[in-house]
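These are the residues of each chain, in order.
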Amino acid sequence: MTQLEKARTGVITPEMEIVAEKEHVDAVWLRDQVANGRVVISANRRHSGLEPCGIGEGLFIKVNSNIGTSSDRAILDEELEKLKVSIDAGADTVMDLSTGEEIDLTRRTILKNSTIPVGTVPIYQAVVETVEEAGGLVHLTVDKIFEVIERQAEDGVDFITVHCGLTRAALRMLQTERRVTDIVSRGGAFLTTWMLHHDKENPLYEHYDRLLSIARKYDVTLSLGDGLRPGCLADATDRAQIHELMTLGHLTQLAWEQDVQVMIEGPGHVPLNQIETNVILQKRLCHHAPFYVLGPLVTDIAAGYDHVACAIGGAVAGAAGADFLCYVTPAEHLSLPGVEDVREGVVVTKIAAHAADIARGNKMALERDRNMSLARKKLDWETQLKLAIDPEKARRYREKRPPTEDDVCTMCGKYCAIKTVREYLDG
Ligand code: SF4
């Protein structure tokens with residue numbers, strides 16, 4: 001039975017108990033949120049050593065870190081280091097997006113070493129293997145797609161991105177839309193190429209039942225992907241994107257009928273003033289299934305600083321109701337991220353998630369900020385460093401330019417504002 005099925009029969013699973021405790025919410029309330037699809041607990045029953053994580057309405061906003069090899073750079077130890085850095089920096093989930101050599105070995109090693117849920121995009125491996133075996137992605141077969149999905153599910157992958165809503169009808173919208181950047185999703189591009197070459201429907205849509213039976217067997221959460229997500233501000237919220245989203249809403253209901261847990265993926269590149277609209281549309285059209293946003297990036301010109309563009313968009317999306325933020329690193333649009341890029345991407349996205357948690361009135365998030373402010377007022381540096389989102393970096397700055405008087409910092413030195421007025425205002 002999946003977490004959803006158990007919740008519907010009134011069972012509070014051990015995973016629900018753990019998530020309820022971590023989130024400081026009532027276990028019965030959490031079970032009901034899982035039962036109505038507003039929360040997913042992404043936990044493949046074969047992923048041993050996993051600390052379950054809840055994603056959805058009423059919980060802390062979660063952050064995903066993308067790792068994995070590419071055809072140009074495939075060093076397993078480096079990906080394991082990225083996994084460690086992601087977990088240490090506070091990522092709630094990690095996605096292995098490997099397309100380099102030894103994809104099975106990479107994924108299995110990541111799963112073995114990951115205490116947080118692991119997601120994948122199985123179409124990547126299906127295409128890589130098809131290209132290696134048959135010389136081109138157009139030779140991809142339906143059986144190959146589902147064989148890879150089952151292989152990954154059997155290994156213990158907790159959630160998979162599947163671009164099931166990229167239908168022929170949605171593609172027609174795209175073709176008449178005259179977008180600036182067409183398709184920027186790798187999975188979306190693979191499927192589109194295959195569909196146009198063979199003049200056939202998307203196999204993940206046409207054989208959705210097959211997908212549901214695998215997801216149900218292992219309790220893999222479906223992350224219904226947005227293959228037509230906008231790749232630039234000019235393409236945001238167009239009819240191709242919304243057509244796909246409407247299909248995802250329908251597929252969400254079909255998944256729930258089979259007790260399969262579902263999240264919905266969202267854009268992408270979106271102007272700041274359209275983010276809230278995107279969240280409202282997703283929640284309405286997809287029946288409040290958790291919303292997993294890939295950014296959104298609020299400008300197209302921040303290369304080298306795209307993690308900042310992402311955090312701005314993520315904070316606004318989170319405040320508007322998005323539940324899960326996929327990080328972006330400073331290397332976005334430029335190269336495969338390195339270990340330090342991954343760390344920075346996670347931290348910056350955690351700040352966005354935390355800022356949105358505060359806007360949503362999360363009491364624990366508010367409490368943490370209040371405690372930081374009290375420590376600032378007391379000039380209690382150890383507590384400040386402990387409460388900082390990145391204690392290591394905060395300490396490095398503190399120690400790099402130490403003050404002559406220990407209780408202040410070198411910003412104002414002996415003219416420290418807090419210290420100057422403290423004895424008068426506190427008296
Ligand atoms: S020296 Fe200035 S910046 Fe530093 S703690 Fe005091 S008031 Fe704040």
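This is a predicted model, so every value here is computed, not measured.

Draft legend 1. Region of the structure containing the overall build of the protein. Within the protein one finds 19 helices and 10 strands. Relative to its length of 427 residues, the protein is compact, with a C-alpha radius of gyration of 22 Å against a globular reference of 22 Å. Seen through its C-alpha atoms, the protein measures out along the principal axes to roughly 80 × 50 × 40 Å. Here the protein, with 427 residues, has 56% of them falling under the buried criterion. When contacts within the protein are restricted to residue pairs at least 6 apart in sequence, those whose partners lie at least 24 apart make up 73%. A total accessible area of about 18900 Å² is found for the protein, and carbon and sulfur atoms account for 53% of it. Distance between charge centres in the protein, computed from 48 positive and 64 negative side chains, equals 4 Å.

Draft legend 2. Spotlight on the pattern of salt bridges. The full count for this structure, using the stated rule, is 33 salt bridges. Among the salt bridges present, the one from Arg-8 reaches Asp-259, with a minimum N-O distance of 2.7 Å. Pair noted here: Arg-8 is in helix α1 (residues 3-8) and Asp-259 is in the loop between α12 (239-257) and β8 (262-266), with a separation of 251 residues, a long-range link. Residue classification places Arg-8 among the partly exposed residues on the basis of a relative accessible area of 39%. Glu-150 is the partner of Lys-217 in a salt bridge, and the nearest nitrogen-oxygen pair spans 3.0 Å. Within this pair, whereas Lys-217 is found in helix α11 (residues 208-218), its partner Glu-150 is found in helix α7 (residues 142-155), the two being separated by 67 residues in sequence. One salt-bridge network, in which partners are shared between bridges, spans Asp-104, Arg-107, Arg-108, Glu-129, Glu-133, Lys-144, Glu-147, Arg-151 and Asp-155.

Draft legend 3. Expanded view of the packing of helix α15 (residues 339-359) against helix α16 (residues 363-377). It is at 8 Å that the axes of α15 and α16 come closest, and there the two elements cross at 110 degrees. Compared by their axis directions, α15 and α16 come out roughly perpendicular. On α16, the residues touching His-354, Asp-357 and Ile-358 of α15 are Ala-365, Leu-366, Arg-368 and Asp-369. In terms of residue class, the contact of α15 with α16 is made up of three nonpolar, one polar and three charged.

Draft legend 4. A look at the environment of Asp-219. Of note, Asp-219 is situated in the loop between α11 and β7 (221-224). By relative accessible area, which is 2% here, Asp-219 ends up buried. With residues up to four places along the chain from it excluded, the contact list for Asp-219 reads Thr-2, Gln-3, Ala-43, Asn-44, Arg-45, Asp-158 and Gln-261. Here Gln-3 takes part through its backbone nitrogen, which lies 2.8 Å from a polar atom of the side chain of Asp-219.

Rules and cut-offs
- Residues numbered from 1 in each chain as written.
- Predicted model: local features only at pLDDT ≥ 70, side-chain atom pairs only at ≥ 80, totals over all residues.
- Heavy atoms only, no water.
- Helix = DSSP H or I, 4+ residues; strand = E, 2+ residues; numbered from the N terminus.
- Rg over C-alpha atoms; globule rule 2.2 N^0.38 Å.
- Buried < 20%, exposed > 50% of the residue type's maximum accessible area, 1.4 Å probe, protein only.
- Contact = heavy atoms within 4.5 Å.
- Areas by Shrake-Rupley, 256 points an atom, 1.4 Å probe, with all protein chains shown as cover.
- Lys, Arg positive; Asp, Glu negative; His and termini not counted.
- Charge placed at Lys NZ, Arg CZ, Asp CG, Glu CD.
- Salt bridge = Lys/Arg side-chain N within 4 Å of Asp/Glu carboxyl O.
- Axes fitted to C-alpha atoms, helices over the stretch in contact; angles between N-to-C directions.
- Parallel < 35°, antiparallel > 145°, perpendicular 65-115°, else oblique.
- Nonpolar A, V, L, I, M, F, W, Y, C, P; charged D, E, K, R; others polar.
- Polar contact = N/O pair within 3.5 Å; in protein donor to acceptor, adjacent residues only side chain to side chain.

Treat this as a map of the structure, not an account of what it does.
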